[in-house]
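Here are the chains, one letter per residue:
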Amino acid sequence: MPTYSFLCTQCGKDFSLRRKVDEVDDPAACPECGSDETKRQLSIFYATNTGSSTAAASSPKTTVRHV
């Protein structure tokens with residue numbers, strides 16, 4: 001399941017939630033204040049071509065692709 005980042009517009013708390021792809025637009029309650037006035041933030045991810053599932057972005061064998 002992907003992890004999505006959110007920002008609470010009431011208290012300013014940054015938090016992350018693991019969600020199914022089809023639940024990404026569902027309301028996300030802030031764990032700090034309970035408000036559902038939150039905004040999903042731009043998340044960055046990368047893919048590798050090393051065949052390893054734990055390659056670091058700074059690894060010389062890693063290819064970073066921005067999607």
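Predicted model, so just to flag it, every value in this text is computed and none were measured.

**Here's the deal with the sheet that holds strand E1 (residues 3-8)**
Next, step 1: Taken together, 3 strands build an open sheet; the order of strands is E2-E1-E3 and the sheet is antiparallel. Looking along the sheet, the strands with just one partner apiece sit at the ends: strand E2 (14-18) and strand E3 (38-40). Sheet twist, expressed as the mean angle between neighbouring strand axes with direction ignored, is 35 degrees.
Next, step 2: By the bridge criterion, 5 bridges tie E1 to E2 in an arrangement that is antiparallel. Across the sheet, Thr-3 pairs through a bridge with Arg-18, a residue of E2.

**Description of the pairing of E1**
Next, step 1: Burial along E1 is one-sided: Tyr-4, Phe-6 and Cys-8 are buried, while Thr-3, Ser-5 and Leu-7, pointing the other way, are not.
Next, step 2: Between the antiparallel neighbours E1 and E2 lie 5 residues, among them Gly-12 with a positive phi of about 85 degrees.

**Side note on the environment of Cys-8**
Next, step 1: Relative to the helices and strands, Cys-8 resides in strand E1.
Next, step 2: The sequence separation of Cys-8 and Glu-37 amounts to 29 residues, and the corresponding C-alpha distance is 6.1 Å.

**Describing the pattern of salt bridges**
Next, step 1: As enumerated under the stated definition, the model contains 1 salt bridge in all.
Next, step 2: Between Arg-40 and Asp-25 there is a salt bridge; the shortest N-O distance is 3.5 Å. Of this pair, Arg-40 sits in strand E3 while Asp-25 sits in the loop between E2 and E3, and the two are 15 residues apart along the sequence.
Next, step 3: On the accessibility criterion, Asp-25 (65% relative accessible area) is exposed.

**Re the nonpolar core**
Next, step 1: Judged by nonpolar contacts, Tyr-4, Phe-6, Cys-8, Phe-15, Val-24, Ala-28 and Cys-30 together constitute the single largest core of 7 residues.
Next, step 2: Tallying contributions element by element places E1 first for this core, with 3 residues.
Next, step 3: Apart from the residues within four sequence positions on either side, Ala-28 is in contact with Phe-6, Phe-15, Leu-17, Arg-19, Ser-35, Asp-36 and Thr-38.

**Comments concerning the side chain of Thr-38**
Next, step 1: Inspection of the secondary structure assignment puts Thr-38 in strand E3.
Next, step 2: With a relative accessible area of 18%, Thr-38 lands in the buried category.
Next, step 3: Here the side chain of Thr-38 touches Ala-28 through a polar contact of 2.7 Å, landing on its backbone oxygen.
Next, step 4: Residues in contact with Thr-38, not counting those within four places in the same chain, are Phe-6, Leu-7, Cys-8, Thr-9, Phe-15, Ala-28 and Cys-30.

Quick notes on the rules
Residues numbered from 1 in each chain as written. Predicted model: local features only at pLDDT ≥ 70, side-chain atom pairs only at ≥ 80, totals over all residues. Heavy atoms only, no water. Pairing = 2+ DSSP bridges. Helix = DSSP H or I, 4+ residues; strand = E, 2+ residues; numbered from the N terminus. Axes fitted to C-alpha atoms, helices over the stretch in contact; angles between N-to-C directions. Buried < 20%, exposed > 50% of the residue type's maximum accessible area, 1.4 Å probe, protein only. Salt bridge = Lys/Arg side-chain N within 4 Å of Asp/Glu carboxyl O. Core = buried A, V, L, I, M, F, W, Y, C linked by side-chain atoms within 4.5 Å. Contact = heavy atoms within 4.5 Å. Polar contact = N/O pair within 3.5 Å; in protein donor to acceptor, adjacent residues only side chain to side chain.

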